[in-house]
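# Reading the structure
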Amino acid sequence: MDDLSIFPNSTSINQNGHLAIAGHDLVDLANQYGTPLYLYDAATVRAQIDRLHRLFKRYYPGEALLAYASKAYLSFQFAKKLAKYGVGLDVVSLGEIHIAQTAGFQPSVVHLHGNNKSEAELQAALDWAIQAIVVDNLEELELLEQMASHSQKRVRIWLRITPDLSVDTHPHIQTAHLDSKFGLHLENGEADEALQRSLSSPWLELSGIHAHLGSQIFDTEPYRLAIERLCEFAAKNNYIPAEISPGGGWGVRYTPEDPDDDPEQWVRTVSGAMQEAAIRHDWPYPRLVLEPGRWLIARAGIAIYRVGNQKTTPAQTHLVAIDGGLADNPRVALYQARYIAKVVERAAEPATQTVRIVGKFCESGDVLIPQVNLPPLQRGDHLAIPASGAYQLSMASNYNYAARPTVLWLEQGQIEILQQREQPDQSSWLVYSEGKH
Ligand SMILES: Cc1ncc(COP(=O)(O)O)c(C=O)c1O
Ligand SMILES: N[C@@H](CCCC[NH3+])C(=O)O
(Lines give C-alpha, C1' and ligand atoms only; values in the text may rest on other atoms or scores of the structure.)
(Ligands and ions follow the chains in the order given, each with its own letter.)
Protein backbone atom coordinates (compact mmCIF):
# COMPACT_ATOMS: atom_id res chain seq x y z
CA MET A 1 0.00 0.00 0.00
CA ASP A 2 1.38 3.40 -1.01
CA ASP A 3 2.25 5.75 1.87
CA LEU A 4 0.40 8.63 0.23
CA SER A 5 -2.87 6.65 0.39
CA ILE A 6 -3.17 7.57 4.07
CA PHE A 7 -2.56 11.27 3.35
CA PRO A 8 -5.38 13.69 2.49
CA ASN A 9 -6.97 13.33 -0.95
CA SER A 10 -5.39 16.46 -2.41
CA THR A 11 -1.81 15.64 -1.38
CA SER A 12 0.82 15.89 -4.10
CA ILE A 13 4.57 16.25 -4.49
CA ASN A 14 5.26 19.49 -6.35
CA GLN A 15 8.02 20.42 -8.83
CA ASN A 16 10.37 21.28 -5.94
CA GLY A 17 9.92 17.80 -4.48
CA HIS A 18 7.94 19.30 -1.57
CA LEU A 19 4.74 17.87 -0.15
CA ALA A 20 1.72 19.99 -1.03
CA ILE A 21 -1.94 19.90 -0.04
CA ALA A 22 -4.64 21.47 -2.17
CA GLY A 23 -1.76 22.99 -4.15
CA HIS A 24 -0.20 24.69 -1.08
CA ASP A 25 3.50 23.97 -0.57
CA LEU A 26 3.86 22.70 3.00
CA VAL A 27 7.37 24.15 3.37
CA ASP A 28 5.92 27.61 2.67
CA LEU A 29 3.06 27.04 5.12
CA ALA A 30 5.44 25.87 7.85
CA ASN A 31 7.63 28.93 7.31
CA GLN A 32 4.68 31.31 7.24
CA TYR A 33 2.62 29.95 10.15
CA GLY A 34 5.31 28.29 12.28
CA THR A 35 5.32 24.77 13.69
CA PRO A 36 3.85 22.58 15.08
CA LEU A 37 1.19 23.27 12.49
CA TYR A 38 -2.02 21.32 11.82
CA LEU A 39 -3.69 21.35 8.42
CA TYR A 40 -7.08 20.10 7.25
CA ASP A 41 -7.76 19.33 3.62
CA ALA A 42 -11.26 20.59 2.86
CA ALA A 43 -11.66 18.21 -0.08
CA THR A 44 -11.04 15.16 2.14
CA VAL A 45 -13.56 16.28 4.77
CA ARG A 46 -16.22 16.76 2.10
CA ALA A 47 -15.35 13.47 0.39
CA GLN A 48 -15.65 11.49 3.65
CA ILE A 49 -19.06 13.01 4.42
CA ASP A 50 -20.23 12.46 0.89
CA ARG A 51 -19.07 8.83 0.92
CA LEU A 52 -21.11 8.03 4.03
CA HIS A 53 -24.17 9.84 2.70
CA ARG A 54 -23.96 7.80 -0.51
CA LEU A 55 -23.51 4.54 1.41
CA PHE A 56 -26.62 5.32 3.50
CA LYS A 57 -28.60 5.86 0.31
CA ARG A 58 -27.30 2.66 -1.21
CA TYR A 59 -27.81 0.35 1.76
CA TYR A 60 -30.53 1.71 4.05
CA PRO A 61 -34.11 2.06 2.81
CA GLY A 62 -35.20 4.14 5.81
CA GLU A 63 -34.08 7.58 6.93
CA ALA A 64 -30.49 7.95 8.10
CA LEU A 65 -28.51 10.69 9.84
CA LEU A 66 -24.77 11.18 9.93
CA ALA A 67 -23.89 12.80 13.26
CA TYR A 68 -20.23 13.76 13.59
CA ALA A 69 -18.74 12.91 17.02
CA SER A 70 -17.36 16.35 17.72
CA LYS A 71 -14.93 15.16 20.41
CA ALA A 72 -12.67 14.03 17.54
CA TYR A 73 -11.97 17.69 16.65
CA LEU A 74 -14.06 20.79 17.08
CA SER A 75 -13.51 24.50 16.75
CA PHE A 76 -15.96 27.24 15.97
CA GLN A 77 -14.75 27.78 12.40
CA PHE A 78 -14.70 24.06 11.71
CA ALA A 79 -18.19 23.58 13.15
CA LYS A 80 -19.49 26.37 10.90
CA LYS A 81 -18.30 24.44 7.87
CA LEU A 82 -19.75 21.15 9.07
CA ALA A 83 -23.12 22.76 9.75
CA LYS A 84 -23.23 23.71 6.06
CA TYR A 85 -22.35 20.19 4.93
CA GLY A 86 -25.58 18.79 6.34
CA VAL A 87 -24.28 16.61 9.18
CA GLY A 88 -25.64 16.31 12.70
CA LEU A 89 -23.50 16.61 15.82
CA ASP A 90 -22.81 14.39 18.81
CA VAL A 91 -21.78 16.65 21.71
CA VAL A 92 -20.66 15.81 25.24
CA SER A 93 -20.14 19.07 27.11
CA LEU A 94 -21.37 22.61 27.64
CA GLY A 95 -18.52 23.81 25.45
CA GLU A 96 -19.51 21.56 22.56
CA ILE A 97 -23.19 22.52 22.97
CA HIS A 98 -22.18 26.18 22.82
CA ILE A 99 -20.18 25.69 19.64
CA ALA A 100 -23.03 23.73 18.04
CA GLN A 101 -25.43 26.56 18.89
CA THR A 102 -23.27 29.40 17.71
CA ALA A 103 -21.97 27.66 14.57
CA GLY A 104 -25.45 27.24 13.12
CA PHE A 105 -26.54 23.68 13.88
CA GLN A 106 -30.26 23.03 14.17
CA PRO A 107 -31.10 21.52 17.58
CA SER A 108 -32.98 18.73 15.78
CA VAL A 109 -29.67 17.18 14.66
CA VAL A 110 -27.71 17.56 17.91
CA HIS A 111 -27.62 14.91 20.62
CA LEU A 112 -25.89 14.96 23.98
CA HIS A 113 -23.82 12.12 25.40
CA GLY A 114 -21.88 11.70 28.64
CA ASN A 115 -21.73 9.37 31.63
CA ASN A 116 -21.87 12.22 34.15
CA LYS A 117 -23.57 15.19 32.57
CA SER A 118 -23.80 18.20 34.85
CA GLU A 119 -27.10 19.87 35.68
CA ALA A 120 -25.92 22.83 33.58
CA GLU A 121 -25.30 20.58 30.57
CA LEU A 122 -28.68 18.87 30.92
CA GLN A 123 -30.44 22.22 31.34
CA ALA A 124 -28.75 23.71 28.27
CA ALA A 125 -29.83 20.69 26.21
CA LEU A 126 -33.35 20.87 27.64
CA ASP A 127 -33.67 24.59 26.91
CA TRP A 128 -32.37 24.19 23.37
CA ALA A 129 -34.72 21.21 22.76
CA ILE A 130 -32.13 19.08 21.01
CA GLN A 131 -32.75 15.86 19.07
CA ALA A 132 -32.13 13.75 22.19
CA ILE A 133 -30.35 13.68 25.50
CA VAL A 134 -28.75 10.25 25.64
CA VAL A 135 -29.48 9.03 29.15
CA ASP A 136 -26.52 7.07 30.44
CA ASN A 137 -27.63 5.68 33.82
CA LEU A 138 -30.59 5.34 36.17
CA GLU A 139 -29.57 8.24 38.39
CA GLU A 140 -29.40 10.53 35.39
CA LEU A 141 -32.85 9.36 34.25
CA GLU A 142 -34.30 10.42 37.57
CA LEU A 143 -32.46 13.74 37.62
CA LEU A 144 -33.53 14.58 34.07
CA GLU A 145 -37.14 13.70 34.79
CA GLN A 146 -37.10 16.08 37.76
CA MET A 147 -35.49 18.82 35.69
CA ALA A 148 -38.00 18.38 32.86
CA SER A 149 -40.87 18.50 35.31
CA HIS A 150 -39.40 21.60 36.97
CA SER A 151 -39.04 23.30 33.56
CA GLN A 152 -42.51 22.05 32.55
CA LYS A 153 -40.94 20.77 29.32
CA ARG A 154 -41.15 17.25 27.94
CA VAL A 155 -37.68 16.08 26.95
CA ARG A 156 -36.69 13.76 24.12
CA ILE A 157 -34.28 11.06 25.20
CA TRP A 158 -32.42 8.03 23.96
CA LEU A 159 -31.17 5.35 26.28
CA ARG A 160 -27.52 4.39 26.01
CA ILE A 161 -27.52 0.62 26.26
CA THR A 162 -24.35 -1.30 27.06
CA PRO A 163 -24.65 -4.52 25.09
CA ASP A 164 -21.98 -6.24 27.20
CA LEU A 165 -19.75 -7.39 24.38
CA SER A 166 -16.04 -6.92 23.90
CA VAL A 167 -14.45 -5.56 20.75
CA ASP A 168 -10.96 -5.92 19.41
CA THR A 169 -9.37 -2.54 20.10
CA HIS A 170 -7.14 -0.92 22.72
CA PRO A 171 -8.64 -1.48 26.22
CA HIS A 172 -8.76 2.29 26.87
CA ILE A 173 -11.17 2.81 24.01
CA GLN A 174 -13.54 -0.13 24.53
CA THR A 175 -16.92 0.99 25.87
CA ALA A 176 -19.46 -1.84 25.58
CA HIS A 177 -18.05 -4.45 27.97
CA LEU A 178 -19.51 -5.75 31.22
CA ASP A 179 -17.31 -3.49 33.35
CA SER A 180 -17.83 -0.32 31.31
CA LYS A 181 -18.48 3.04 32.98
CA PHE A 182 -20.80 3.90 30.09
CA GLY A 183 -24.45 3.12 29.69
CA LEU A 184 -27.26 0.99 31.03
CA HIS A 185 -26.19 -2.63 31.04
CA LEU A 186 -28.37 -5.35 29.54
CA GLU A 187 -26.82 -7.97 31.76
CA ASN A 188 -28.07 -6.72 35.14
CA GLY A 189 -31.52 -5.53 34.08
CA GLU A 190 -30.88 -1.80 34.49
CA ALA A 191 -31.57 -1.26 30.78
CA ASP A 192 -35.03 -2.85 31.19
CA GLU A 193 -35.73 -0.76 34.26
CA ALA A 194 -34.70 2.46 32.47
CA LEU A 195 -36.85 1.63 29.46
CA GLN A 196 -39.95 0.92 31.53
CA ARG A 197 -39.46 4.05 33.61
CA SER A 198 -38.98 6.18 30.49
CA LEU A 199 -42.14 4.84 28.88
CA SER A 200 -44.23 5.51 31.96
CA SER A 201 -42.93 9.04 32.58
CA PRO A 202 -45.05 12.01 31.44
CA TRP A 203 -41.85 14.10 31.12
CA LEU A 204 -39.72 11.77 29.04
CA GLU A 205 -40.23 11.04 25.37
CA LEU A 206 -38.17 7.99 24.48
CA SER A 207 -37.35 8.49 20.81
CA GLY A 208 -34.54 5.98 20.43
CA ILE A 209 -31.93 3.62 21.73
CA HIS A 210 -28.21 3.74 21.31
CA ALA A 211 -25.02 1.76 21.87
CA HIS A 212 -21.42 2.75 21.27
CA LEU A 213 -18.95 -0.11 21.19
CA GLY A 214 -15.60 1.62 21.24
CA SER A 215 -13.22 3.24 18.82
CA GLN A 216 -10.75 2.20 16.08
CA ILE A 217 -12.78 -0.94 15.24
CA PHE A 218 -12.31 -2.75 11.91
CA ASP A 219 -14.60 -5.72 12.51
CA THR A 220 -18.27 -5.51 11.50
CA GLU A 221 -19.46 -8.47 13.60
CA PRO A 222 -19.79 -6.55 16.93
CA TYR A 223 -21.99 -3.99 15.16
CA ARG A 224 -24.27 -6.71 13.82
CA LEU A 225 -24.49 -8.23 17.29
CA ALA A 226 -25.12 -4.87 18.95
CA ILE A 227 -28.03 -4.04 16.64
CA GLU A 228 -29.47 -7.48 17.19
CA ARG A 229 -29.22 -7.07 20.98
CA LEU A 230 -30.66 -3.55 20.95
CA CYS A 231 -33.64 -4.68 18.88
CA GLU A 232 -34.27 -7.85 20.91
CA PHE A 233 -34.18 -5.72 24.03
CA ALA A 234 -36.69 -3.21 22.62
CA ALA A 235 -39.02 -5.91 21.30
CA LYS A 236 -38.94 -7.80 24.60
CA ASN A 237 -40.12 -4.59 26.30
CA ASN A 238 -42.82 -3.94 23.66
CA TYR A 239 -41.05 -0.80 22.56
CA ILE A 240 -40.78 0.26 18.90
CA PRO A 241 -37.82 2.62 18.51
CA ALA A 242 -38.16 5.57 16.15
CA GLU A 243 -34.36 5.98 16.10
CA ILE A 244 -31.54 3.49 16.51
CA SER A 245 -27.90 4.41 16.81
CA PRO A 246 -25.06 1.87 16.91
CA GLY A 247 -22.67 4.77 17.65
CA GLY A 248 -19.42 5.46 15.86
CA GLY A 249 -16.05 3.79 16.17
CA TRP A 250 -15.14 2.71 12.64
CA GLY A 251 -11.34 2.55 12.35
CA VAL A 252 -8.79 4.47 10.35
CA ARG A 253 -5.45 3.48 8.82
CA TYR A 254 -2.59 5.27 10.56
CA THR A 255 0.03 3.27 8.67
CA PRO A 256 -0.18 1.56 5.29
CA GLU A 257 -0.07 -1.82 7.09
CA ASP A 258 -3.30 -1.18 9.04
CA PRO A 259 -6.48 -3.05 7.95
CA ASP A 260 -8.77 -1.80 5.22
CA ASP A 261 -10.84 1.09 6.58
CA ASP A 262 -13.41 1.27 3.80
CA PRO A 263 -16.69 2.11 5.59
CA GLU A 264 -18.80 0.29 3.02
CA GLN A 265 -18.62 -2.96 5.04
CA TRP A 266 -19.61 -1.03 8.18
CA VAL A 267 -22.65 0.72 6.67
CA ARG A 268 -23.72 -2.42 4.79
CA THR A 269 -23.59 -4.55 7.95
CA VAL A 270 -25.36 -2.05 10.18
CA SER A 271 -28.06 -1.37 7.58
CA GLY A 272 -28.55 -5.06 6.88
CA ALA A 273 -28.87 -5.95 10.58
CA MET A 274 -31.31 -3.11 11.09
CA GLN A 275 -33.49 -4.14 8.16
CA GLU A 276 -33.55 -7.76 9.30
CA ALA A 277 -34.60 -6.76 12.80
CA ALA A 278 -37.30 -4.39 11.55
CA ILE A 279 -38.75 -7.11 9.34
CA ARG A 280 -38.52 -9.72 12.13
CA HIS A 281 -40.37 -7.50 14.60
CA ASP A 282 -42.69 -5.96 12.04
CA TRP A 283 -41.50 -2.40 12.72
CA PRO A 284 -41.28 0.54 10.34
CA TYR A 285 -37.60 1.24 9.60
CA PRO A 286 -36.23 3.34 12.44
CA ARG A 287 -34.11 6.35 11.60
CA LEU A 288 -30.52 5.09 11.64
CA VAL A 289 -27.99 7.42 13.27
CA LEU A 290 -24.26 6.78 12.87
CA GLU A 291 -21.76 8.83 14.87
CA PRO A 292 -18.33 8.57 13.28
CA GLY A 293 -15.66 10.87 14.65
CA ARG A 294 -12.29 9.46 13.71
CA TRP A 295 -13.23 8.06 10.29
CA LEU A 296 -14.72 11.35 9.18
CA ILE A 297 -11.81 13.55 10.08
CA ALA A 298 -8.54 11.71 10.82
CA ARG A 299 -7.23 11.38 7.28
CA ALA A 300 -8.11 14.97 6.41
CA GLY A 301 -5.58 16.21 8.98
CA ILE A 302 -1.78 16.48 8.86
CA ALA A 303 0.63 17.59 11.57
CA ILE A 304 3.83 19.40 10.54
CA TYR A 305 6.85 19.58 12.87
CA ARG A 306 10.31 21.08 12.53
CA VAL A 307 13.35 18.90 13.07
CA GLY A 308 15.76 20.10 15.79
CA ASN A 309 18.49 18.19 17.62
CA GLN A 310 19.65 14.69 16.74
CA LYS A 311 21.81 12.19 18.60
CA THR A 312 22.72 8.51 18.60
CA THR A 313 22.36 6.83 21.98
CA PRO A 314 24.88 4.31 23.35
CA ALA A 315 22.17 1.75 22.60
CA GLN A 316 22.65 2.76 18.94
CA THR A 317 19.25 4.36 18.47
CA HIS A 318 19.34 7.45 16.29
CA LEU A 319 17.00 10.05 17.79
CA VAL A 320 15.49 12.94 15.90
CA ALA A 321 13.77 15.56 18.08
CA ILE A 322 10.86 17.62 16.78
CA ASP A 323 9.30 20.81 18.13
CA GLY A 324 6.02 19.16 19.28
CA GLY A 325 4.94 15.75 20.53
CA LEU A 326 3.14 14.68 23.68
CA ALA A 327 1.38 18.01 24.25
CA ASP A 328 -0.26 18.19 20.82
CA ASN A 329 -0.51 14.42 20.34
CA PRO A 330 -0.92 12.31 23.48
CA ARG A 331 -2.20 9.31 21.50
CA VAL A 332 1.12 7.49 21.32
CA ALA A 333 1.61 7.63 25.09
CA LEU A 334 -2.03 6.76 25.79
CA TYR A 335 -2.77 4.04 23.26
CA GLN A 336 0.62 3.09 21.76
CA ALA A 337 -0.71 4.59 18.55
CA ARG A 338 1.49 4.13 15.47
CA TYR A 339 2.24 6.77 12.86
CA ILE A 340 4.40 7.24 9.81
CA ALA A 341 6.22 10.40 8.67
CA LYS A 342 7.39 11.99 5.45
CA VAL A 343 10.06 14.63 5.03
CA VAL A 344 8.20 17.62 3.63
CA GLU A 345 11.20 18.99 1.69
CA ARG A 346 12.19 15.65 0.11
CA ALA A 347 8.97 13.69 -0.04
CA ALA A 348 10.02 11.29 -2.80
CA GLU A 349 13.59 10.65 -1.60
CA PRO A 350 14.39 7.04 -0.59
CA ALA A 351 14.40 6.21 3.12
CA THR A 352 17.95 5.16 3.98
CA GLN A 353 18.08 5.73 7.73
CA THR A 354 16.20 4.15 10.64
CA VAL A 355 15.39 6.71 13.32
CA ARG A 356 13.21 7.31 16.36
CA ILE A 357 11.18 10.53 16.34
CA VAL A 358 10.97 12.02 19.83
CA GLY A 359 9.10 15.08 21.06
CA LYS A 360 10.42 18.04 23.04
CA PHE A 361 8.48 17.49 26.28
CA CYS A 362 9.90 16.45 29.64
CA GLU A 363 8.82 12.81 29.56
CA SER A 364 10.76 9.83 28.26
CA GLY A 365 7.41 8.55 27.01
CA ASP A 366 7.23 11.50 24.61
CA VAL A 367 8.06 9.40 21.54
CA LEU A 368 6.06 10.13 18.40
CA ILE A 369 7.36 7.23 16.27
CA PRO A 370 9.53 4.57 17.92
CA GLN A 371 11.04 3.42 14.63
CA VAL A 372 10.71 4.78 11.13
CA ASN A 373 12.80 4.76 7.96
CA LEU A 374 13.44 8.22 6.53
CA PRO A 375 15.90 10.00 4.25
CA PRO A 376 18.79 11.65 6.17
CA LEU A 377 17.48 14.64 8.13
CA GLN A 378 18.94 17.96 9.14
CA ARG A 379 17.91 20.73 11.51
CA GLY A 380 15.20 22.84 9.93
CA ASP A 381 13.68 20.02 7.85
CA HIS A 382 9.99 19.43 8.38
CA LEU A 383 8.13 16.20 9.01
CA ALA A 384 4.52 15.61 7.96
CA ILE A 385 2.52 13.10 10.00
CA PRO A 386 -0.60 11.83 8.22
CA ALA A 387 -3.88 10.74 9.82
CA SER A 388 -3.53 13.50 12.41
CA GLY A 389 -7.02 14.96 12.18
CA ALA A 390 -8.76 13.13 15.05
CA TYR A 391 -8.16 13.12 18.82
CA GLN A 392 -4.88 15.02 18.62
CA LEU A 393 -5.87 18.67 18.74
CA SER A 394 -8.96 17.82 20.78
CA MET A 395 -6.80 16.06 23.39
CA ALA A 396 -3.88 18.49 23.19
CA SER A 397 -2.63 20.05 26.43
CA ASN A 398 -0.47 22.93 27.58
CA TYR A 399 2.08 20.59 29.15
CA ASN A 400 5.39 22.42 29.73
CA TYR A 401 3.43 25.58 28.92
CA ALA A 402 3.21 24.61 25.28
CA ALA A 403 0.91 26.67 23.10
CA ARG A 404 -1.70 24.69 21.23
CA PRO A 405 -0.84 24.98 17.52
CA THR A 406 -2.24 26.93 14.61
CA VAL A 407 -4.81 25.00 12.57
CA LEU A 408 -5.43 25.78 8.89
CA TRP A 409 -8.18 24.82 6.49
CA LEU A 410 -6.87 24.35 2.97
CA GLU A 411 -8.85 24.75 -0.24
CA GLN A 412 -7.31 25.12 -3.70
CA GLY A 413 -6.12 28.73 -3.84
CA GLN A 414 -7.40 29.54 -0.34
CA ILE A 415 -6.18 29.25 3.25
CA GLU A 416 -8.33 29.88 6.31
CA ILE A 417 -7.26 29.89 9.93
CA LEU A 418 -9.43 27.55 12.01
CA GLN A 419 -7.49 28.24 15.21
CA GLN A 420 -4.66 30.65 15.94
CA ARG A 421 -1.69 29.45 17.92
CA GLU A 422 -2.23 30.18 21.62
CA GLN A 423 -0.18 33.02 23.10
CA PRO A 424 1.17 33.30 26.64
CA ASP A 425 -0.52 36.27 28.30
CA GLN A 426 0.13 38.33 31.40
CA SER A 427 -2.41 36.41 33.43
CA SER A 428 0.03 33.49 33.34
CA TRP A 429 -2.21 31.23 31.35
CA LEU A 430 -2.65 30.85 27.64
CA VAL A 431 -5.20 32.80 25.68
CA TYR A 432 -7.24 30.54 23.46
CA SER A 433 -8.21 32.31 20.31
CA GLU A 434 -9.93 30.94 17.28
CA GLY A 435 -9.95 32.26 13.74
CA LYS A 436 -12.01 35.41 13.24
CA HIS A 437 -15.77 34.84 13.19
C1 LIG B 1 -20.93 7.81 22.14
C2 LIG B 1 -19.85 7.95 21.13
N3 LIG B 1 -20.17 8.07 19.84
C4 LIG B 1 -19.23 8.22 18.88
C5 LIG B 1 -17.90 8.24 19.20
C6 LIG B 1 -16.93 8.41 18.09
O7 LIG B 1 -16.04 7.38 17.97
P8 LIG B 1 -15.06 7.33 16.75
O9 LIG B 1 -14.29 8.61 16.73
O10 LIG B 1 -14.20 6.17 17.01
O11 LIG B 1 -15.88 7.17 15.52
C12 LIG B 1 -17.50 8.11 20.53
C13 LIG B 1 -16.08 8.02 20.89
O14 LIG B 1 -15.60 6.88 20.95
C15 LIG B 1 -18.50 7.98 21.53
O16 LIG B 1 -18.17 7.88 22.81
N1 LIG C 1 -9.18 9.39 22.14
C2 LIG C 1 -9.24 8.09 21.55
C3 LIG C 1 -10.62 7.79 21.04
C4 LIG C 1 -11.65 7.92 22.08
C5 LIG C 1 -13.00 7.90 21.50
C6 LIG C 1 -13.97 8.67 22.35
N7 LIG C 1 -14.89 7.86 23.08
C8 LIG C 1 -8.20 7.93 20.47
O9 LIG C 1 -7.51 8.82 20.15
O10 LIG C 1 -8.03 6.88 19.94
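Small disclaimer: the values here were computed from a predicted structure and weren't measured.

Glancing now at the UniProt feature "binding site: pyridoxal 5'-phosphate" (unreviewed entry) in the chain. In this structure's numbering, the residues bearing the UniProt feature "binding site: pyridoxal 5'-phosphate" (unreviewed entry) are Gly 249, Glu 291, Pro 292, Gly 293, Arg 294 and Tyr 391. Since its relative accessible area comes to 9%, Gly 249 is described here as buried. In contact with Gly 249, other than residues within four places in its own chain, are His 212, Gly 214, Ser 215, Gln 216, Ile 217 and Tyr 223. Topologically, Gly 293 is positioned in the loop between β13 (287-290) and α10 (294-297). Those residues within four positions of Gly 293 in sequence are excluded, and the remaining contacts are Tyr 68, Ala 69 and Ala 72.

So, about the site of ligand 2. Lining the immediate surroundings of ligand 2 are Lys 71, Ile 173, Ser 215, Arg 294, Arg 331, Tyr 335, Tyr 391 and Met 395. Interatomic distance of 2.6 Å between a side-chain N/O atom of Arg 294 and an oxygen atom of ligand 2. Here Arg 331 contributes a side-chain N or O atom positioned 2.5 Å from an oxygen atom of ligand 2. Here ligand 2 has 310 Å² of accessible area as a free molecule, and 84% of this is covered by the chains. Of the residues in the shell around ligand 2, the class split is 4 nonpolar, 1 polar and 3 charged.

All right, on to the pattern of salt bridges then. Tallied over the entire structure, the rule returns 22 salt bridges. Among the ionic pairs, Arg 58 bridges to Glu 264, the shortest N-O distance being 3.3 Å. Here Arg 58, found in helix α2 (residues 42-59), pairs with Glu 264, found in helix α9 (residues 264-281); they are 206 residues apart in sequence, far enough to count as distant. Since its relative accessible area comes to 17%, Glu 264 is described here as buried. A salt bridge links Arg 346 to Glu 349, with the nearest nitrogen and oxygen atoms 3.6 Å apart. The class of Glu 349 is partly exposed, set by a relative accessible area of 38%. Through salt bridges with shared partners, one network takes in Arg 51, Arg 58, Asp 262 and Glu 264.

Further remarks concern the environment of Glu 349. Residue placement: Glu 349 occurs in the loop between β16 (342-343) and β17 (353-358). Along the backbone, Glu 349 and Leu 66 are 283 residues apart, and their C-alpha atoms lie at a distance of 40 Å. Not counting residues up to four positions away in its chain, the partners in contact with Glu 349 are Pro 375 and Pro 376.

Let us look at the packing of helix α6 (residues 138-151) against helix α7 (residues 190-200). α7 packs onto α6 with a crossing angle of 15° between their chain directions and a minimal axis gap of 10 Å. Regarding the angle of α6 to α7, the classification is roughly parallel. Seen from above, α6 lies across α7 with left-handed handedness. Of α7, the residues touching α6 (which contributes Leu 138, Leu 141 and Glu 142) are Glu 190, Glu 193, Ala 194, Arg 197 and Ser 198. Along the lines of polarity and charge, the residues of the contact of α6 with α7 split into 3 nonpolar, 1 polar and 4 charged.

Analysis parameters
Residues numbered from 1 in each chain as written. Chains lettered and ligands numbered in written order. Predicted model: local features only at pLDDT ≥ 70, side-chain atom pairs only at ≥ 80, totals over all residues. Heavy atoms only, no water. UniProt positions renumbered as here; feature names shortened; annotations may be inferred. Buried < 20%, exposed > 50% of the residue type's maximum accessible area, 1.4 Å probe, protein only. Contact = heavy atoms within 4.5 Å. Helix = DSSP H or I, 4+ residues; strand = E, 2+ residues; numbered from the N terminus. Near = heavy atom within 4 Å. Polar contact = N/O pair within 3.5 Å; in protein donor to acceptor, adjacent residues only side chain to side chain. Areas by Shrake-Rupley, 256 points an atom, 1.4 Å probe, with all protein chains shown as cover. Nonpolar A, V, L, I, M, F, W, Y, C, P; charged D, E, K, R; others polar. Salt bridge = Lys/Arg side-chain N within 4 Å of Asp/Glu carboxyl O. Axes fitted to C-alpha atoms, helices over the stretch in contact; angles between N-to-C directions. Parallel < 35°, antiparallel > 145°, perpendicular 65-115°, else oblique. Left-handed = near helix turned anticlockwise from the far one by under 90°.

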